[in-house]
Amino acid sequence: MLACGMTASAQNIQLHYDFGRNIYADEEADRQKVTLTLEQFKADDWGSWYYFFDVDLTSKTTRSIYTEISREIKLGKESPFAAHVEYNGGLWHAPAIGNGSYQQAGLLGVAYNGHNADFSKTWSIQALYKQFVKSYEGSHSYASAQLTGVWGLNFFDRKLTFSGFIDFWRGENYRADKEGHGMLVILTEPQLWYNVNNHLSVGTEIEISNNFIMNYANDKTFFVNPTLALKWNL
């Protein structure tokens, strides 16, 4: 929601070139080169809708499609609090093993949203119950919790935008010797954009994570994956 600037309705398309596989040749040899993102926010009298679709592309195939869709319902006309419900899920393709799905999850909780007088600075904190469901062979249902922060900051007469999110949640270890053990997953994706005009922006996104990327090459869990990006605001 806040990444779209808290206008009544906003939609954009982003194209990212990812340098992850160049930085981590062993750990991320099959990481996608390009990600196409469609993002939309729409407010109404009851609250707001927000979704994005990430389509990960390689030179040979569509690597995956991932989506998050959320609905917020205001808890009082002037209240900064809102009820938050969300779905996470998607599909992936790996040439070595075939097709599969991300483990789906449903989230439910409360959000605290805020902004300054001219909406040039916006923020949100979300405390959520997260339920993973059995989505493919070898996965199972388990309860979790997630804490999310979202921000959007505009500078220099809105020529620069610094936006992004940070998530903390309880995951379960994917390694056979630690299967089922709980672990803290951290994922943040700050973006910095130079807004050429009302439609075109150029910039970067830096995906920083720990315990998020499945790495079977070694014991490394912390990764920093930068991109070069274009964004078109519709």
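Starting from 1, residues in each chain are numbered consecutively following that chain's sequence as written. Local features in a predicted model are, by the rule used here, given only for residues with pLDDT of at least 70; side-chain atom pairs are given and counted only at 80 or more, and totals for whole chains, interfaces and linings are based on all residues. Side-chain numbers come from the whole structure's heavy atoms, not from hydrogens or water.

A few words now on the overall build of the protein. Put simply, DSSP marks the helices as runs of H or I at least four residues long and the strands as runs of E at least two long, and each gets a number from the N terminus on. In terms of helices and strands, the protein carries 1 helix and 14 strands. Over its C-alpha trace the protein gives a radius of gyration of 18 Å, about what one expects of a compact globule, namely 17 Å for 234 residues. Principal-axis analysis of the C-alpha atoms places the extent of the protein at approximately 50 × 35 × 25 Å. Out of the 234 residues in the protein, the part that is buried amounts to 39%. Here the globule rule is a power law, 2.2 Å times the number of residues to the power 0.38, and the radius of gyration is based on C-alpha atoms. Buried residues are those whose accessible area, probed at 1.4 Å on protein chains only, stays under 20% of the maximum for their type, while exposed residues exceed 50% and partly exposed ones sit between those limits.

As a further point, take a nonpolar patch on the surface. Excluding any residue in a salt bridge, patches collect residues exceeding 30% relative accessible area, merging like charges within 9 Å and nonpolar Val, Leu, Ile, Met, Phe, Trp and Tyr side chains within 5 Å. Each accessible area is a Shrake-Rupley result for a 1.4 Å probe, and residues are judged covered by the shown protein chains and nothing else. We define a salt bridge as a side-chain nitrogen of Lys or Arg found within 4 Å of a carboxyl oxygen belonging to Asp or Glu. On the surface, Leu75, Phe81, Val110, Tyr112, Trp123, Ile125, Leu147, Phe168 and Leu184 cluster together to form a nonpolar patch covering roughly 800 Å² of accessible area. When contributions to the nonpolar patch are tallied by element, the ones reaching two or more residues are strand E7 (105–115) and strand E8 (121–132). For Phe168, the position within the fold is in strand E10 (residues 160–172).

Throughout the structure, instances matching the rule amount to 6 salt bridges. Across the pair Arg31 and Asp18 runs a salt bridge whose closest N-O atoms are separated by 3.0 Å. Of this pair, Arg31 sits in the loop between helix H1 (20–23) and strand E2 (34–43) while Asp18 is found in strand E1 (residues 9–18), placing the two residues 13 residues apart along the sequence. Each member of the pair, Arg31 as well as Asp18, is classed as buried.

This brings us to the nonpolar core. Core analysis: the largest hydrophobic core is formed by 7 residues, namely Ala105, Phe132, Tyr142, Trp169, Met183, Val185 and Leu187. Here the element with the most residues in this core is strand E11 (residues 182–188); it accounts for 3 residues. Whether two residues are in contact is decided by their heavy atoms: any pair within 4.5 Å suffices. When near neighbours in sequence (up to four residues on either side) are disregarded, Ala105 contacts Glu86, Tyr87, Asn88, Lys130, Gln131 and Phe132. Definition of nonpolar core: a set of buried residues of the types Ala, Val, Leu, Ile, Met, Phe, Trp, Tyr and Cys, connected through side-chain atoms within 4.5 Å.

With that settled, consider the pairing of strand E3 (residues 47–57). The side chains of a regular strand alternate between the sheet's two faces. A pair of strands is labelled paired if DSSP reports no fewer than 2 bridges between them. As defined by bridge partners, E2 adjoins E3 across 10 bridges and the pair is classed as antiparallel. Within the sheet, the bridge partner assigned to Ala43 lies in E3 and is Ser48. A loop of 3 residues connects E2 with E3, the two strands running antiparallel in sequence. Of the strand pairs in this sheet, E3 and strand E4 (residues 62–74) are connected by 11 bridges, and their pairing is antiparallel. Residue pairing in the sheet places Ser48 in a bridge with Glu72 of E4.

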